[in-house]
Structures are given as C-alpha cells and as structure tokens.
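A look at the structure
Here's the letter readout for the chains.
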Amino acid sequence: MRIELTVNGEKRAVDVEPRTTLLDCLRDNLGLTGAHAGCEHGVCGACTVLLDGTAVRSCLMFAVQADGIPITTIEGLAPGPGELSPLQDAFCETHGMQCGYCTPAMILTAHALLADNPEPTREQIVEAISGNLCRCTGYAQIVEAISLAAERMRGANRPAGQS
Amino acid sequence: MSAPSHFRFVSADRRVREDRRFVAGKGRFVADVDIANTKHVALVTCPHPAAWIKNIDKKAALAMPGVHYVLDGHELAEATSPLVTGLDTPNVPRRPLAVDVARFSGEWVAAVVADTRALAEDAAEAIDITYHPLPFVLDAEKALEKDSPLVHAEHGSNVLLDKTFVWGEVEKDFNDSPRKLSLRVKWGRSSTVPIETFGVVASWDPWREMLDVWASIQMPRYPEQIAGALKIPASSVRLHHDVDVGGSYGIKRGIKHAVLTGYLTRRLGFPVRLIEDRLENMRGGDAHGPERLFDVEVAFDNSGIVRSMKMRALENVGAYAGRSPFQLGKPIGSIVGPYKIKSVEYRAIAVLTNKTTQEAVRGFGQGPTNLALERMMDEVANTLKLDPLEVRRRNLIRHDEFPYTIPSGTEYDSGNYEAVITKVFAGHGYDDLKKERDRLRKDGMLAGIGIAACLEPSGGNATFEALINPKVTTSTFMDSCRISVDGTGAITATMHTTSSGQGHETLVATVIGEVLQIDPDTIRVTRPDSLSSLPSGTPVGSRMAIMLGGAAFHAANKLKDKLIKIAAHDLGIPAERAVYKDGAVFDKDAPDNRRTWKELATIADRNIHRMPPGLEPGLAVSHIMPVPTGGTLPTPDGRAQMYPCFSFEFHLMLVKIDPDLGVPEIVRYRLGHDCGTQINPKIVRGMTLGGIAHGIGAALYEEFAYNDEGQLIAQTFMDYLLPSSHEVPPVEIVDHETPSPHTVFGQKGSGESGYLGAPAAIANAVNDALRPLGISVNTLPLKASRLGDMIAAARDKD
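Focus on the overall build of chain A
Helix and strand counts for chain A stand at 5 helices and 5 strands. Overall, chain A shows an N-to-C arrangement of helices and strands of β-β-α-β-β-β-α-α-α-α. A compact globule built from 163 residues should have a C-alpha radius of gyration of about 15 Å, and chain A, at 16 Å, falls within 12% of that. Reported as C-alpha extents along the three principal axes, the dimensions of chain A are approximately 55 × 35 × 25 Å. Looking at chain A as a whole, 53% of its 163 residues are labelled buried.

Observations regarding the overall build of chain B
Regarding its fold elements, chain B presents 20 helices and 28 strands. Here the C-alpha coordinates of chain B stretch approximately 90 × 75 × 50 Å along the principal axes. Across the 798 residues of chain B, 58% fall into the buried class. Of the contacts formed within chain B by residues at least 6 apart in sequence, a portion of 80% connects residues at least 24 apart.

A look at the interface of chain A and chain B
Opposite the 41 residues of chain A that make contact, chain B presents 41 residues. Put simply, the parts of the chain that give the side of chain A that touches chain B at least two residues each are α2 (86-94), α3 (103-116) and α5 (140-157) of chain A. At 4 residues, the largest contribution of residues to the side of chain A that touches chain B is made by α2(A). Its residues assigned to classes, the side of chain A that touches chain B shows 22 nonpolar, 15 polar and 4 charged.

Observations concerning the nonpolar core
All names here are of chain B. Val112, Val508, Ile512, Ala552 and Ile762 are the most contacted members of the largest nonpolar core, which has 287 residues in total. Broken down by element, the residue count for this core peaks at 15 residues, all from helix α16 (residues 544-571). Excluding residues that lie within four positions of it along the chain, Val112 makes contacts with Val41, Ala42, Val44, Ala61, Val67, Val70, Ala120, Ala123 and Ala124. By size, the runner-up hydrophobic cluster in this structure holds 8 residues, among which are Tyr249, Ala360, Phe364 and Val540.

Points about the pairing of strand β28 (residues 732-736) of chain B
Pairing analysis gives 5 bridges linking strand β27 (residues 664-674) of chain B to β28(B), with the strands arranged parallel. The residue of β28(B) that forms the bridge with Leu671(B) is Ile733(B).

Section: the sheet that holds strand β9 (residues 199-205) of chain B
Residue and element names in this part refer to chain B. Across the sheet, which stays open at both edges, the 7 strands sit in the order β3-β5-β1-β12-β9-β10-β11 with mixed pairing between neighbours. Two strands lie at the open edges of the sheet, namely β3 (67-72) and β11 (237-239), each paired on one side alone. This sheet shows a mean twist of 25° between the axes of neighbouring strands, independent of strand direction. The sheet contact formed by strand β1 (residues 39-45) and strand β12 (residues 272-275) spans 2 bridges and is parallel. Looking at β12, one finds that His40 is bridged to Arg273. The strands touched by helix α4 (residues 117-126) are β1, β3 and β5 (108-114); relative to β1, the strand with the most contacts, the crossing angle is about 30°.

Examining unusual backbone geometry
All names here are of chain B. Pro403 follows Phe402 through a cis peptide bond whose omega is -5°. Tracing the chain through its elements places Pro403 in the loop between α11 (388-395) and β16 (404-405). Between Leu780 and the following residue, Pro781, the backbone shows a cis peptide bond with an omega angle of -5°. Along the polypeptide, Pro781 turns up in the loop between α19 (758-770) and α20 (784-797). The backbone of Val193 shows a phi angle near 45°, a positive value even though the residue is not glycine. Relative to the elements of secondary structure, Val193 occurs in the loop between β8 (179-187) and β9. Judged by local crowding, Val193 falls into the buried class, with 26 C-beta atoms found within 10 Å. Positive phi outside glycine occurs at Tyr249, with the angle close to 55°. Looking at the element boundaries, Tyr249 is found in the loop between β11 and α8 (255-268).

Describing helix α17 (residues 597-606) of chain B
Residues and elements named next belong to chain B. Restricting attention to buried positions, one finds in α17 the residues Leu600, Ala601, Ile603 and Ala604. Seen along its axis, α17 keeps its buried residues to an arc of 160°; they face one direction. Tucked inside the fold, the buried residues of α17 contact β19 (479-485), α16, β23 (584-587), β24 (590-595) and β25 (619-625).

Quick notes on the packing of helix α10 (residues 366-384) of chain B against α11(B)
Residue and element names in this part refer to chain B. Running from amino to carboxyl end, α10 crosses α11 at an angle of 115°, the nearest separation of the two axes being 8 Å. Considered as vectors, α10 and α11 are oriented roughly perpendicular to each other. Regarding α10 and α11, the two cross each other, and that crossing is right-handed. From α10, Met377, Asp378, Val380 and Ala381 reach across to α11, where they touch Pro388, Val391 and Arg392. The residue makeup of the contact of α10 with α11, split by class, is 5 nonpolar, no polar and 2 charged.

Description of the sheet that holds β24(B)
Residues and elements named next belong to chain B. The antiparallel open sheet is built from 3 strands, whose spatial order is β22-β23-β24. Lying at the two open borders of the sheet, with one neighbouring strand each, are β22 (578-581) and β24. On average, adjacent strands in this sheet sit at an angle of 35° to one another, irrespective of strand direction. Taken together, the 4 bridges between β22 and β23 define a ladder with antiparallel strand orientation. Looking at the pairing, Tyr580 lines up with Val585 of β23. Strands β22, β23 and β24 of the sheet are contacted by α16, whose axis makes an angle of about 130° with β22.

Description of the environment of Pro47(B)
Turning to its location among the elements, Pro47(B) is positioned in the loop between β1 and β2 (51-57). Taking the C-alpha atoms as reference, Pro47(B) lies 9.6 Å from Gly710(B); in sequence the two are 663 residues apart.

Some thoughts on the packing of helix α7 (residues 222-230) of chain B against α8(B)
Residues and elements named next belong to chain B. With their axes 9 Å apart at the nearest point, α7 and α8 run at an angle of 50° to one another. Between α7 and α8, the angle falls in the class oblique. In this structure, α7 meets α8 at a crossing whose hand is right-handed. Contacts between α7 and α8 involve Tyr222, Gln225, Ile226, Ala229 and Leu230 from the first element and Ile255, Ala258, Val259, Gly262 and Tyr263 from the second.

What to know about α8(B)
Residue and element names in this part refer to chain B. In a regular helix each residue adds 1.5 Å, so 14 residues correspond to 20 Å; α8 covers 20 Å between its end C-alpha atoms and thus fits that length. Along α8, the residues that are buried comprise Ile255, Lys256, His257, Ala258, Val259, Leu260, Thr261, Gly262, Tyr263, Leu264 and Thr265. Of the residues one or two after α8, Gly269 is the one with positive phi, at around 85°.

A look at the confidence of the model for chain B
The pLDDT averaged across chain B works out to 97; a share of 99% of its residues lies at or above 70. Reported confidences for the modelled complex are a pTM of 0.97 and an ipTM of 0.97.

Quick look at the environment of Ile335(B)
Note on placement: Ile335(B) falls in the loop between β14 (306-318) and β15 (343-352). Residue contacts for Ile335(B): discarding those within four places in its chain leaves Val344(B), Tyr346(B), Ile406(B) and Ser408(B).

About the criteria used
Residues numbered from 1 in each chain as written. Chains lettered and ligands numbered in written order. Predicted model: local features only at pLDDT ≥ 70, side-chain atom pairs only at ≥ 80, totals over all residues. Helix = DSSP H or I, 4+ residues; strand = E, 2+ residues; numbered from the N terminus. Rg over C-alpha atoms; globule rule 2.2 N^0.38 Å. Buried ≥ 20, exposed ≤ 12 C-beta atoms within 10 Å, placed from the backbone. Contact = placed C-beta atoms within 7 Å. Nonpolar A, V, L, I, M, F, W, Y, C, P; charged D, E, K, R; others polar. Core = buried A, V, L, I, M, F, W, Y, C linked by C-beta atoms within 7 Å. Pairing = 2+ DSSP bridges. Axes fitted to C-alpha atoms, helices over the stretch in contact; angles between N-to-C directions. Arc of directions from axis to C-beta. Parallel < 35°, antiparallel > 145°, perpendicular 65-115°, else oblique. Left-handed = near helix turned anticlockwise from the far one by under 90°. Expected span 1.5 Å × (residues − 1). pLDDT = per-residue confidence, 0-100.

What follows is the structure, encoded as structure tokens:
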C-alpha cells in the first residue's frame, strides 16, 4: 500500500504491506533507525515515537494507521547537525544512559512529558518513564536528566535578569 | 566523588563521549547495519522439552515467495565443527541447530532464509516437522538421580562437572567448632536480559575469502571460534568492533548465531542476518543465567567467628554446556567473601537438564555465591542471637591484614571494609534504622533490615578455566592500546573490542589525556576490526578500567618517553634535562628552550634528519598488557591466583511488606562502595545503580519459570518482569577509595557492582521482616505471590 507519512515535519511517501508495523516502516523504509525494537509486544518502550506529540509504541501499530498524523522521531529532536536539544544535552550531562539502546525512546517520552508539564516532580517523572525499560542505569540518572532539562528549559524562558 | 583528586582528568566529573551519539539516535547497533542484498533468517524451534526429530518437510516453505533456503541440523553439522565449550566432555556436543534430537523447548531445529524477516517467519511456520517426544528432566536434583532421563544419552549421565576442592583443615575446624548450622539457598534462573536482543550480520566474500561479521557481541575469542567451527582460517573472519551493543552484562555470546549465519552466507553467496525477536531470545537464544542450589554448612564459635565452611553448589546448566559450568569456578577466587574463614570445602556440580542453555551473567557466578555467603552470615547471627552487623564486623578482614591470601589461594589486593561501613552509618545511625523498622512493625507492617557485605573480583583473568578443566592452560587475558600521532599532532588511540555501555572510548581518552596532560576531548578513539586489532580479552570479568585503562596508560607513557627523546635530541640537551609538560618538552635549565607538541609531531613524521639516530620514526606506540598478578596456572591441589583486584560493597536497606499483599518494598537503600580510584565517576555511579536495579530484578521479580510440561512460561516481558522506574528506589551511594596496588591509578572494577550484593541484602531484609512470624525464605526470586502465601499460612497458624 502507498501511504504518506509526515515525519519530523517532512512528508514521506512509502510503499508498505498492510501488516508492516510503524516501527519497521520507520527503520526499514525511511532509514530512521533511532527507534529500536526491544520486545515487539509493547512492554519495553524502546520503539517509542511521538504521534501528534503523544508518546506511542511504534511496534504496536501499523504504518498505515499513522497516515496523515505528524510523527516525531529522535532524529527530529536535534536542532541541527551535531547540536543537541536541552533534553538531549541534559541526558549527556547526567549520563542518563549506558548502552544507549533505550535512550532515544526515553528522551522522546521525556520530551512529551515536559511539553505537557514543564515542572514535573520526581514522582511524575518516574511515572512518565515507567513504560520505558532501561536495563543499564537503574533509572536514577535518567530521572536526574529530565529534572535538569526541565529546570534549564524553565530558566531559558525567564526574562533576562531573573533567576 | 569522594576525596579531592590529584589527577587532572581521572576522577573528574566529566561527560561520557559515547552519549552524544546515543541521545541523537545515532548509535550504530547491529540491526542498523545495512549491507546491500542482505537476506533474513528466522528460526524454527522445537516445541518439546526433548524430542527425536523424525522428519523435516521443507517443501511448502521453499515454495513460498521470497524464500531462498531452509537449513537443517544435519547439513550444518556435516559442514561445521561443534562449538567450543571448554569442558572435556566430547559426548555433549553443542551445535547451532539440533541434530536428530532436540533437548529443550525452544531449541533451534531449522533456519529459514528469505528476502525479509516477515517472509522468513511466514515460511518458518510452513515447515512441517515430525517429532517423537522423549522423556525429559527439568530439576537439577532429579537429573542427578540414577533413573533420570539422560539429556545426552551418549554422555552416560547428566553430570557435566563434579569437582570437590578442600582448602585448609576443614574437618578439624568443624570438629573444633562448638557451633554448626546448615542452610539451603536457591538462586532462581534469571539472566541479564538486555533490551536489545542478540543479532548478527554475516557476509562472505569468496574472492577475498573473507567473512565479515557485525554482531551485538561481548565475547572473548569470538572470531577464532567462528573460524574454528566453520573450518576456515581465523584470518578469514573479520569482526567489526564498531558496532554498539545494546546491553549485554555478560550474556551476549552469540556463537551459535554467528556459525549459523556464517555458514549460510558461505553456502548462499549473499549476506545474511539474524536479529532475534524477543521470543527467540528468551527461549532459544542461549541467554539464560545461573540456576543454583547451595547447601552450606558452617562451623563457628559462640562469639560468631566463622571458622570453616562447606559449600555444595549445584548448577542447573540446561541442555548444553555454555559458560555455565565455569561460572562455578570463578567464585573460588573470593569463596570466603570479605571474611577470614580459615578453611573451605567447595563442591561444584554442573548438571544437564532439558532447559535453555546458559551463558555468562554479570559477576560470572559471584552473585549467587554472595547470596549464599550473606544468608549464611545472617543465620550465624540469628542462631547466636547476635546482631548481623556485629557478626560481620567480627569476621571481616582488617585493613592492616592486606594483602590477604584466602584459603583457595587468591591474594586480595587491598581493602578497608570497616572504613566503608563506618562511612555508611555516619550521620544515619544503625539504631535509627532499627527504630524506623520497629515503628513500621508497630504499624502492622512486616519490616526488616538487610545487610550484605560483598566483593567484586575484578580484572578478569581466566584461571578458573584451568581449575575446572586442567587441559586448559590459559594463564592470562590481555588488553591493548595503540596510540598514533600524525604530522599535524592529531592523536588517535585504538581499542580492540566492542562495548555495551561501559564508556570505553571515554576511558581510553581520559587515561591518555591524563598521562599526556592533554585535553581528552581532543583525542580520537577508534575501534579497528578484529584483523587490525591488538589482543583484547573483551569487557568480561569487570576488567576494562584495569586492563584497557592500564594498556592506554602504558602506551601513553611510551609515547611520552619518545617525545622526550626526540625533543632532547632536537634541543641538543641530555634527556635527563628534558621536561615534559602539557604536551611540550623544555630544557629545565632554560625553559624557553622548548619544542611544542606540533613541532615534535612534525619532526617524528616528516623530519627524520632531526630524529635521534636509531629511533624509529613516526609517533606510533602500542602496549599489550597481561592481567596483573596473573601468569600462573592453578596448583595441583586447586589453589589459584584468580583476579587481581577486589572492590567492596556494603549494602544496607530497610524493606517493608504489607502482610496482606506480600509485596516487598525497599524504603531505604544505602550502599557503601569502594572500587579504588574512579576514572569516571558518572560511569561508576551508573553501573552501580544499574547493577542494583538488576539485582532487585533477580531478587524479587525475574525468573525463567518452567511448567511441569517443560515449557518456558516466562518468555515475554509480560511474564519475565524487568524492574521499571517504579520498582527501583532511590539509592544513596557512599563512596570510599582504597586504591589497588596492582593498577596504574589505583582503580578496581565496578561493572558488576550493585548486582553482586543487592539480592543478598534483599533476601536478608525479607528474612528479617518474616522472622517475627517464625518463617524464613531462601529461594530467589522472592515473588510477591510466594511471599503472600507464606505469610498468610504463617498467620493462619497463629
């Protein structure tokens, strides 16, 4: 089937089988390999992308279902080549990862959280990422990264001269 | 970070360079490797725990669109050698695909190659296999019985290994001790379960006679094992080390995957890839970890001093010998933990069953052994009505007793256990924690304090292999680093293995920057493929800070020495007068008389007329490092110097259990951690916290459970429960630093920390909580369902 996906602000036409998952389509048809397969049954969250700003598991939906819905993948978060978003930079600052496999999905989930809630509590962060499994970190440095990014992003929005 | 550091970059709170690519989704994992014309493999697995494979009908599958080939075990076995197991058990061959008999549910029986993974899966379903189910055995103790079904009939028994070691005067010490007790502790079958499954891409070029392999691998001697099985020269296998590995923690040993795909690409003439799906990974990926039953007898006196211990460890290795039997060997190097136990009898038994094959898991058997030791210490305290902390303190090796040689022959390098424990309690007294526990108890909760004092042997030598199988003569395990500086002064260093999140590129750059007094961020670190590499034992045995860090240190010093020689010659001064500082060299008597880094690089690269006569031109140095304290084989009576360095961790926690629910909840967790000098504190902290989370999983949630029919019933993430952010409590880490005398900066290993002690501390806390009910539990995982039932039964009795 021919469908048109809007990914990271760009319209991309692709031919897929009806059974092709959004995850496989992003990776195999569009070369967006930042979304990862972990369990392919909707538990680990490594395949998370944003659909119209909401974090969803791309392994649990078909590519055809995403036709026409704006999709954001990790490749769409960096402001430019070699530049990091405040959230990505915060993950580097706290070392909120190790092997990096769950990281893109974790960052997208956090991105969705901060878009909704610029000042999350620790509990709210823990709740938001509880659908994304990380086997390396024990989550502490991830929670710290999200907290740090929130703090920095709030600071950035304040008028100059205020702390 | 603890004490102020006298280093410039080492121990500084610096970023981890690998992180930049991961946050951008630009890691390059094996599934991202895109080689033109690659075909995909799906596996057909055996649905029975044991079965005779009577017939494999491939016709329907081969007729399906996009299907290229169906491979069975006979064809593969004829063309390849069995996989290396390291044991001297020739009648227990291990092969990628079952031949005639399948021995566990999920074992690979055939492989389909098709244009896409989806088509390969479709075709796998169309392969019609006739099985004749055979008797099977799942339980290790039953597998030892005379009338048990045999997993490998030709072997004549289910016992792969049964070896008893006696170190010291065990019987005498038992006879002389006024008190004895015994306990049985079981570590349930769990594993590391990375979020990325195992994957491999193999591509054979018949014109160059080269097998290129990209794999999600963490395994020593991988290329040579692939070559051996495929019967091609090892120089015809090129493993690409620049593949990011999405978590491993020991387990990613995909040798059967590589032999299978290596054979297929040679047979078919196009690249082939096998990326396990979760089910293939959990059932047949040979990725299970220890399932170990301990029977411990301990002899002690009335003050709680432990004199002797007899430990019998029975490991249920599953259907084939992976690394599992050797995981009974490594704990010999710290068989008494941090305690002064004079004599030990250790019986290690590895038994075959019809379960999935095991590979290496974080700690290589040390986690289960620590659980047994720490449960033992608590039971000694409990028997004597003494405080468990006090009993430990009475038995701990004292700071002034290092280096300390344990009965099994290994010398512990350094430690200050008492100082770590004192620090853990500084500001938050033990009494306060007890009061908090007692308050919870008063409120109707079950509550308990858990303590575990554990060692992390580090530096990864392979001496345990020779202990388990005397035919093995490996006495070291190297790592290496090469540094080159080009004519412009740009520095490139190499490492020679894959990494799975340990930040090794950061390690290499930090160490070289420290030695050369140059910003590590300016140092490029690359990973040549295996044919261009120097020796590396790979990141096993908590060794890379020690070994790769050590190799980088020595290589950088060689480079520095060469720079000094070149500068002294060019400045016309004796080398003794030349001083190296921040990349430049000057005359200490005339500091303005100097050569900059760039000038020296240019001389070495382009101006041989300015080089000291006889000195090799160019700035390229390398260092190959053996394991410190290694180099000897075990003695005939089974004593060995195992790993060089011993990190210490002291876990302290408070657990509460709502008696109506049976769910243990960790309400306080403090860890004292001493891994010597921390080269990168962010990395050490991450590994430690991640290890604790992994340990919480093993202690409370994770189990590859089987039903009575021999089927694995935890084969998805809905049944095999990895801790989420909700299950991992905040952990306070208290660092202490006792440098190792055997390493270049005093560093020790930290890759296994947390995991090695968390399960023991949790088990002790839960037992402390259950003690008022008069019950105890020594089987991991401590699942809420099991605990809930036990608590309800105990309350009904009252």
